[in-house]
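Structural description and commentary
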Amino acid sequence: MKVSRGKQFYNRFGTYIILVALIIFFSVTAGGFFSVGNLTNLLRTGAVYILFGCGMTFVMISGKIDLSVPSIAALVGCVAALLIKAGMGTLPASIIAILIGTACGFINGFFIAKLKVPFFIMTAGMMYAASGIALVITHETSIGIHPENVKIPFSFWGGKTIGIIPSQFIIAIIFFVICLYIIKNTKMGRYTYAIGSNEKTARLSGVNVDKYNILIFTLNGLAAAIAGIVLASRMGTGSPNVADGGYNILAIAAAAIGGTSLSGGEGKLAKTVVGAFVLCVISTGLNIMGVNSSVQNIVIGAVLIAVVAIDMIDKRKEA
């Protein structure tokens with residue numbers, strides 16, 4: 001089916017145009033939107049969305065969705081907080097916690113690939129399991145992170161700034177660059193698209209589909225784990241309440257706004273980053289205008305529904 005020039009233009013530049021339009025709108029209507037402090041806040045919030053969004057983009061391109069990422073992030077933050085409270089150094093505590101989060105992603109992938117558990121059921125189960133473990137090990141309370149006499153402070157992950165650039169944004173960009181290399185220059189990247197386009201065809205073509213499904217979910221677990229450490233560092237606590245933050249929906253929204261199809265086989269990481277900033281600009285701009293969080297959720301939900309509806313209409317036309 002021939003795609004119109006207008007559609008081609010929108011596919012290529014639409015996400016960028018939406019971001020620029022939102023920045024202009026809030027610059028005019030929300031006083032202080034263009035301040036240095038708000039720019040730092042945008043980068044700080046955007047870093048978390050980028051981390052979640054990068055991992056989710058791989059999952060969505062493969063034709064699946066992972067509901068467990070906020071619970072994995074909560075578990076990782078709580079584990080790190082408890083280990084530091086027990087006297088462990090911040091770096092080894094962070095590494096162990098990240099490995100636990102990555103293992104959760106591996107378990108998701110293994111059960112989906114090898115045991116053929118539907119991805120929706122498996123990741124929903126992991127969401128409840130990881131959240132439950134985080135609540136049990138913390139006795140349903142936040143654990144303050146106040147390490148003493150350490151060479152590397154835990155605030156390094158998300159509480160420091162270099163000029164106006166938050167440390168967590170630098171971490172997010174490094175992770176994005178690594179993911180971009182993987183998706184553009186490795187077999188994992190190529191096979192992720194192949195699996196999402198048609199898993200049966202990919203399998204018949206000799207692709208080890210099970211292996212790459214496991215790798216995709218493991219990478220997503222790693223992304224959620226790093227985001228969990230960043231959030232814990234930013235808040236100064238390991239909190240099981242992070243599981244209730246809706247980061248799975250925000251990650252899906254960032255990827256979808258960036259053009260990643262929920263049908264699989266289509267998506268670009270760079271546009272996921274733009275999609276993440278679209279969400280940040282909306283939430284930050286509405287905050288400055290005094291709009292409460294409930295209305296913000298309505299707006300983000302409406303944007304997500306609109307983006308997915310447009311994608312589904314396009315898919316039906318192509319079919």
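Heads up: the structure comes first, above all this text.
Before going into details, it helps to say that this report is about the structure given with it. (Residues numbered from 1 in each chain as written. Predicted model: local features only at pLDDT ≥ 70, side-chain atom pairs only at ≥ 80, totals over all residues. Heavy atoms only, no water.)

1. What about helix α5 (residues 119-138)?
Along its 20 residues, α5 runs 28 Å from first to last C-alpha, staying within 8% of the 28 Å computed at 1.5 Å per residue. Along α5, the residues that are buried comprise Met122, Thr123, Ala124, Met126, Ala130, Ser131, Ala134 and Thr138. On its buried face, α5 is in contact with α3 (69-85), α4 (90-113), β1 (143-144) and α9 (209-235). Looking one or two residues beyond α5, the residue adopting positive phi is His139, at roughly 55°. (Helix = DSSP H or I, 4+ residues; strand = E, 2+ residues; numbered from the N terminus. Expected span 1.5 Å × (residues − 1). Buried < 20%, exposed > 50% of the residue type's maximum accessible area, 1.4 Å probe, protein only. Contact = heavy atoms within 4.5 Å.)

2. Side note on the nonpolar core
With 96 residues, the main nonpolar core has Ile50, Phe52 and Phe58 as its most contacted residues. Once you skip the residues sitting within four places of it in the chain, Ile50 turns out to touch Phe169, Ala172, Phe176, Val273, Ala276 and Phe277. (Core = buried A, V, L, I, M, F, W, Y, C linked by side-chain atoms within 4.5 Å.)

3. Thoughts on the layout of surface pockets
A probe as big as a water molecule, rolled over the atoms, marks out the empty space that is left. Space inside the second largest pocket adds up to approximately 490 Å³. Around the second largest pocket, the lining is made up of 20 residues, and of these Tyr49, Gly245, Leu250, Ser283 and Gln296 lie nearest the centre. Listed by contribution, the elements that provide at least two residues to the lining of the second largest pocket are α2 (36-61), α9, α10 (247-257), α11 (269-288) and α12 (293-318). It is α12 that provides the largest number of residues to the lining of the second largest pocket, a total of five residues. Residues belonging to the lining of the second largest pocket are distributed by class as follows: eight nonpolar, eleven polar and one charged. (1 Å grid on protein atoms, 1.4 Å probe; cavity = no way out; pocket = protein on both sides within 12 Å on 5 of 7 lines; lining within 4 Å. Points joined across faces, edges and corners; volume = space filled by probe spheres on them. Nonpolar A, V, L, I, M, F, W, Y, C, P; charged D, E, K, R; others polar.)

4. Looking at the side chain of Thr218
Tracing the backbone through its elements, the reader meets Thr218 in helix α9. Judged by relative accessible area, Thr218 falls into the buried class, the value being 17%.

5. Points about the side chain of Asn38
Following the sequence through the fold, Asn38 ends up in helix α2. Contacts of Asn38, omitting those with residues within four sequence positions, involve Gly32, Phe33, Thr284 and Ile288.

6. Let's talk about the environment of Thr123
Tracing the backbone through its elements, the reader meets Thr123 in helix α5. Each C-alpha atom, one on Thr123 and one on Lys200, is 22 Å from the other, the two residues being 77 residues apart in sequence. At 3.5 Å, the side chain of Thr123 forms a polar contact with the backbone oxygen of Phe120. (Polar contact = N/O pair within 3.5 Å; in protein donor to acceptor, adjacent residues only side chain to side chain.)

7. Focus on unusual backbone geometry
One non-glycine residue with positive phi stands out, namely His139, at about 55°. For His139, a relative accessible area of 68% gives the class exposed. For Glu140, which is not glycine, the phi torsion reads 65° and is therefore positive. Relative to the helices and strands, Glu140 is located in the loop between α5 and β1. Taking the relative accessible area as the measure of exposure, Glu140 reaches 63% and is therefore exposed.

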